[in-house]
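Letter by letter, the chains look like this.
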Amino acid sequence: MTTSLSRRGLLGAGAGLGAAGLLSSCVGSGGGGDAGGDASSGGGGPLVFQNSIQDTAPKAALEQIVAGYEREVTMNSVATEQFRAQLTNYLRASDPPDVISWYAGSVARAYAAEGLLLDVSDLWTGDGACAGFSEALRELSTAEDGKQIFVPTNYYWWSVFYKRSAFEKWGVEPPSTWDEFLALCENLSGQGVIPLANGIGPTPWMASGWFDYLDLRINGPEYHLALLAGEHSFTDPEVVDVMEQYERLIPYFDPNMASYDAQQAATPLAQDEAGMYLVGAFVSQYLPEDQRDDLDFFSVPVINDAVPTAEEAPTDGFFAASGTDDPEGTKAFLSYLASPEQQEAFITGAGSSNLPTSPEVDPSQFSPLVQKGLELLNSTERITQFFNRDSSDALQTTADAALTKFLSDPSQRDSVLQEWQAAAERVHGS
Amino acid sequence: MSAPVLVAGRARPQRRRRRGRSPWLHVVMVPLTLAWVSPILFVLMIALRSFDDIAGRGLGALPASLTLDGFVGAFAGGGLLVALGNSLLVTAAGVVASLALSSWAAYALSRYRIPGRKAVLLVMLAGNLLPPQILLVPVAQITQSIGIYDTLFALTLVQVGFGIGFYTFVLHGFMRGLPEEMFEAARLDGAGAARIYAQLVLPLSRPSLAALAALATTWIFNDLIWALTVLRSETKFPITAALLNLQGGYSSQWNVIAAASLVAAVPTAVVFFIFQKQFVSGLLVGSNK
């Protein structure tokens, strides 16, 4: 141990200056993982990778990927909510972590606008690791000044999940229209089954899932994104329409939803006491292992066929702090994380129904559920993310308060919407 | 009804004493104790179930089978043991350092006519009234700017800094109550300030020091907020932050979390049982002057 330390110390002292030169000579070699990695392992210590992915299997998969990198990387996993709170501190630190896992879209853009994120445009051009990614992903990863600041590595989709065996038992079929969907809810209710599982207690953002989808189906993605950006008011008649449909669903929700979190809400689904669950694909981790193959989904049916179809597909990935002292090594590591092989390794290992962002990953080896999810997203006209990722965590808080109140007492709809708008104005104003 | 009448004469004093202790004490305390212990039993039950059992039948169901999977999962990778080690290190260093410093301060403030000593004491106490939340960002910035961010030393320092005001206040109250005659006698015998502190004040303050040590141990060991503020590396996290880390963003292995929580509770439970008496007296420290 001591010998290796002293050797490293010597190397560090000797190669410290040289490495900088070596590194700059690697600029432009695209995903030059080899050259960048070797040169910097002598000079600047290990890269620091701050990770917020804490779900057991995905975390283990990511740890394995990081361990397989040629250069030493210190991976720090921090619980997601604490990570969210500390993220600004991480980025502003005088010695920030080099690579940070977080969300694409408006959240990343907000940090980029403050100059806290590293410009990774070169990964998106030429033979860079992200050059072949879809236009939608490129747009999602682009800051206001036109530079790319994000490296998306996987995403997942939201849909109405159900168990095939349970639908067979109850003699029902997935609906294809909104009226059929409401009739299905009524049918299941009549059979003594809770039609819609939900858990909005400790995870109040789950209430935004239905709000997002109803708004997308009734008013369309353009309106939805403009609403979240503060260009429309929550007191608009369009939003009132959404709330009217939402109100029709209230009797079908799990009566215990206010005390469940997203994960507990899946237990009635596992026990065939609840029929359907509008949730992200991570729901597969909520079910006992022997039920996961039974899981299927259908998209929320079209309500207004005049608006383009849209699905929610939150995109996860990595960005880097602009204050990193090893930008080339950081980009090399980002390229490694974004490579098709590592995406494939992550999705296989995580088992949480994620989709690859790289078109080079061969989807045929993934589970039928993941392939169906990929098909859904390929056939939809627009892709949005989720309420908080399309706006901000601050606006999500206003949605949580408003929707929780509305769900417990829908007769207060108008006053709830007014309060929501007032709160949203404070968020946009600040 | 008839038996008590028969033995009334001799048995009365004995019976009265017994009635004083039982049966109401037990009638009330037994259900209360069960209610108090039930969350821990609930956690223990979850820790002993498999994830599939919990996911399939709900958190509240009785175990279908018992397994140690949760504990195996909690100890997997060794992170929990490292975190436990970090916690013990910070707690031990924090308790010793803060009690040493605050006993010096309390000794000086209570026995010497230091100008503005009342103000010093009040400032120390006032510091405790500030909610720690408003100091998170400044503390993070300060530790970064002096280059100790992300070290266990920083965490210990913060714990000592935030504990010292209260400990000094309590010890000051206690030391002020020590009879002045003893100090005079010691001074007549030629003892200096350091000797008086070491041979007189410290031994006499043992009950209050023990009480504060017991309280400080649980406070520092159970702290989470400062750990998350000054630490960034997973390998330096104390047990509380490591426990939080077991919760996923979307899904959690409930049995693993429950098992790890039980493991994390063991050191504080041990401290509590060793210092049980001091805990109670600790709550009364300073109240009997």
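As the structure is a computational prediction, the values presented were derived from the model and not from experiment.

Looking only at helices and strands, chain B has 16 helices and zero strands in total. Within the span of chain B, comprising 289 residues, buried residues form 33% of the whole. Of the contacts formed within chain B by residues at least 6 apart in sequence, a portion of 78% connects residues at least 24 apart.

All names here are of chain A. You can read the domains of chain A as domain 1 (47–155 + 314–360) and domain 2 (158–312 + 379–429). Per element, the largest residue contribution to the side of domain 1 that touches domain 2 is three residues, and it comes from helix 5 (residues 106–113). Per-class residue counts for the side of domain 1 that touches domain 2 are six nonpolar, five polar and two charged.

A few words on the sheet that holds strand 4 (residues 151–155) of chain A. All names here are of chain A. With respect to topology, six strands assemble into an open sheet ordered 2-1-3-10-4-11, the strand pairing being mixed. Lying at the two open borders of the sheet, with one neighbouring strand each, are strand 2 (73–77) and strand 11 (355–356). For strand 3 (residues 99–103) and strand 10 (residues 315–320), the ladder comprises five bridges, and the chain directions are antiparallel. Within strand 10, the residue paired with Val99 across the bridge is Ala320. Packed onto the sheet, helix 14 (residues 340–350) meets strand 4 and strand 11 and runs at close to 35° relative to strand 4.

Here we take up the environment of Pro251(A). Residue and element names in this part refer to chain A. Tracing the backbone shows Pro251 in the loop between helix 11 (237–249) and helix 12 (266–270). A residue is classified by how many C-beta atoms lie within 10 Å of it, and Pro251, with 12 of them, is exposed. The spatial distance from the C-alpha of Pro251 to the C-alpha of Cys185 is 9.4 Å, given a sequence separation of 66 residues.

Attention now goes to the nonpolar core. Inside soluble globular proteins, nonpolar side chains tend to come together where they are buried. Counting residues in hydrophobic clusters, the biggest one holds 180 residues, and the most contacted among them are Ala108(A), Val151(A), Tyr277(A), Phe319(A) and Leu334(A). No other element matches the 14 residues that helix 9 (residues 152–176) of chain B contributes to this core. Beyond its immediate chain neighbours, meaning those up to four positions away, Leu334(A) contacts Val99(A), Val120(A), Leu123(A), Val151(A), Phe318(A) and Ala320(A).

What follows deals with the packing of helix 9 of chain B against helix 12 (residues 206–222) of chain B. The axes of two packed helices give the description: the angle between them and the distance between them. All names here are of chain B. Here helix 9 crosses helix 12 at 155°, and the two axes come no closer than 11 Å. Of the possible angle classes, the one that applies to helix 9 and helix 12 is roughly antiparallel. Judged by the twist between their axes, the crossing of helix 9 over helix 12 is right-handed. On helix 12, the residues that touch Gln159, Gly163, Tyr167, Val170, Leu171 and Phe174 of helix 9 are Ser208, Leu212, Ala216, Trp219 and Ile220.

Bringing the sheet that holds strand 8 (residues 295–298) of chain A into the picture now. All names here are of chain A. The mixed open sheet is built from four strands, whose spatial order is 6-7-5-8. Here the strands that pair on one side only, and so sit at the sheet edges, are strand 6 (194–197) and strand 8. With strand direction ignored, the average angle separating the axes of adjacent strands in the sheet is 30°. Of the pairings in the sheet, the one linking strand 5 (residues 158–163) to strand 7 (residues 274–280) comprises five bridges and is antiparallel in character. Bridge pairing links Ser159 to Val279 in strand 7.

This part is about the domain arrangement of chain B. Residues and elements named next belong to chain B. By domain assignment, chain B separates into domain 1 (14–71) and domain 2 (77–284). Here the C-alpha centre of domain 2 lies 32 Å away from the C-alpha centre of domain 1. On the domain 2 side, the residues contacting the twelve residues of domain 1 number eight residues. Of all the elements in the fold, those that place two or more residues in the side of domain 1 that touches domain 2 are helix 3 (24–47), helix 4 (51–57) and helix 5 (69–75). Split by residue class, the side of domain 1 that touches domain 2 holds eight nonpolar, two polar and two charged.

Residues and elements named next belong to chain A. As for its position among the elements, Phe298 is in strand 8. Judged by local crowding, Phe298 falls into the partly exposed class, with 17 C-beta atoms found within 10 Å. For the pair Phe298 and Trp158, spaced 140 residues apart in sequence, the C-alpha separation works out to 9.6 Å. Leaving out residues up to four positions away in the same chain, Phe298 has contacts with Ser159, Val160 and Pro174.

Moving on to the confidence of the model for chain A. Low-pLDDT portions of the prediction should not be read for the details of their coordinates. This prediction gives chain A a mean pLDDT of 87; 90% of its residues lie at or above 70. The low-confidence segment residues 1–43 of chain A, where pLDDT is below 50, has 44 contacts with residues more than four positions distant or belonging to other chains.

Reading the values: the criteria
- Residues numbered from 1 in each chain as written.
- Chains lettered and ligands numbered in written order.
- Predicted model: local features only at pLDDT ≥ 70, side-chain atom pairs only at ≥ 80, totals over all residues.
- Helix = DSSP H or I, 4+ residues; strand = E, 2+ residues; numbered from the N terminus.
- Buried ≥ 20, exposed ≤ 12 C-beta atoms within 10 Å, placed from the backbone.
- Contact = placed C-beta atoms within 7 Å.
- Domains from an automatic or database assignment.
- Nonpolar A, V, L, I, M, F, W, Y, C, P; charged D, E, K, R; others polar.
- Pairing = 2+ DSSP bridges.
- Axes fitted to C-alpha atoms, helices over the stretch in contact; angles between N-to-C directions.
- Core = buried A, V, L, I, M, F, W, Y, C linked by C-beta atoms within 7 Å.
- Parallel < 35°, antiparallel > 145°, perpendicular 65-115°, else oblique.
- Left-handed = near helix turned anticlockwise from the far one by under 90°.
- pLDDT = per-residue confidence, 0-100.

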